[in-house]
Amino acid sequence: MVGRTDKTVYPDSAASQTSFNLVGQAVKQTDPDGVTTLSLYNNLGELEYSAVDLDANGGIDFTGTDRITQTVRDAAASGQQTCVDLTATVVASCLAGTL
């Protein structure tokens, strides 16, 4: 997660902060209430996992308490043309490992 960080401070002194990786993708967002959302991208640069970091350890814990959402993309093809580009977002309830 080496890159730049943007911080916004509001008139009531609350702040939000977003950290970006080297290719400019938001990888960590903290809202004014202190809730942190982590993002993980696939090799094509598409968002694959988003998680509310409930245990506040800075990582997406698939076996922990983090609330994880996975975005799955697929395409249906006919011959040499792509007919349908499918995107589904699912809430991961039980996956193994930690990223």
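The following refers to the structure shown.

## Here we look at the overall build of the chain
Line of reasoning, step 1. For the chain, the helix and strand inventory stands at zero helices and seven strands.
Line of reasoning, step 2. Along the chain, from the amino end to the carboxyl end, the secondary structure elements read β-β-β-β-β-β-β.
Line of reasoning, step 3. Sequence-distant contacts, at least 24 apart, represent 14% of the contacts inside the chain between residues at least 6 apart.
Line of reasoning, step 4. On the chain, roughly 6700 Å² of surface is accessible, and the fraction owed to carbon and sulfur atoms is 50%.

## Describing the side chain of Ser 39
Line of reasoning, step 1. Considering the arrangement of structural elements, one finds Ser 39 in strand β4 (residues 36-41).
Line of reasoning, step 2. Beyond its immediate sequence surroundings of up to four residues, Ser 39 is in contact with Ala 26, Val 27, Leu 47 and Tyr 49.

## Section: unusual backbone geometry
Line of reasoning, step 1. Of note in this structure, Ser 13 is not a glycine but carries a positive phi near 75°.
Line of reasoning, step 2. Structurally, Ser 13 is set in the loop between β1 (5-9) and β2 (15-20).
Line of reasoning, step 3. Residue class for Ser 13 comes out exposed when judged on its relative accessible area of 60%.
Line of reasoning, step 4. If you check the backbone angles, Ala 56 has positive phi at about 55° while not being a glycine.
Line of reasoning, step 5. Inspection of the secondary structure assignment puts Ala 56 in the loop between β5 (47-52) and β6 (67-78).
Line of reasoning, step 6. A relative accessible area of 66% places Ala 56 in the exposed class.

## A few points about the packing of aromatic side chains
Line of reasoning, step 1. According to the stated counting rule, one finds one aromatic pair in the structure shown.
Line of reasoning, step 2. Ring plane angle 80° and centroid distance 5.0 Å describe the contact between Tyr 49 and Phe 62, whose orientation is recorded as edge-to-face. In this pair, Tyr 49 is assigned in strand β5 and Phe 62 in the loop between β5 and β6, connecting sequence segments 13 residues apart. No difference in accessibility class separates Tyr 49 from Phe 62, as the two residues are buried.
Line of reasoning, step 3. The ring of Phe 20 is capped by Arg 4, whose NZ or CZ atom sits 4.1 Å from the centre of that ring.

## Considering the pairing of β1
Line of reasoning, step 1. Here β1 runs beside β2; their pairing, made up of five bridges, is antiparallel. Bridge pairing links Lys 7 to Gln 17 in β2.
Line of reasoning, step 2. Count of turn residues in the β1/β2 antiparallel hairpin: five residues, of which Ser 13 carries a positive phi of about 75°.

## A closer look at the pattern of salt bridges
Oppositely charged side chains may form a pair once their charged atoms are brought near each other.
Line of reasoning, step 1. Counting across every chain of the model gives one salt bridge.
Line of reasoning, step 2. A salt bridge links Asp 6 to Arg 4, with the nearest nitrogen and oxygen atoms 2.6 Å apart.

## A few points about the pairing of β2
Line of reasoning, step 1. Sheet topology places β2 next to strand β3 (residues 26-30); four bridges connect them, and they run antiparallel. For Gln 17, the partnering residue across the bridge sits in β3 and is Thr 30.
Line of reasoning, step 2. Where β2 hands over to β3, the hairpin turn is made up of five residues, of which Gly 24 adopts a positive phi near 85°.

Cut-offs used in this document
Residues numbered from 1 in each chain as written. Predicted model: local features only at pLDDT ≥ 70, side-chain atom pairs only at ≥ 80, totals over all residues. Heavy atoms only, no water. Helix = DSSP H or I, 4+ residues; strand = E, 2+ residues; numbered from the N terminus. Contact = heavy atoms within 4.5 Å. Areas by Shrake-Rupley, 256 points an atom, 1.4 Å probe, with all protein chains shown as cover. Buried < 20%, exposed > 50% of the residue type's maximum accessible area, 1.4 Å probe, protein only. Phe/Tyr/Trp six-rings, centres within 6.5 Å; stacked < 30°, edge-to-face > 60°. Lys NZ or Arg CZ within 6 Å of the ring centre and 35° of its normal. Pairing = 2+ DSSP bridges. Salt bridge = Lys/Arg side-chain N within 4 Å of Asp/Glu carboxyl O.

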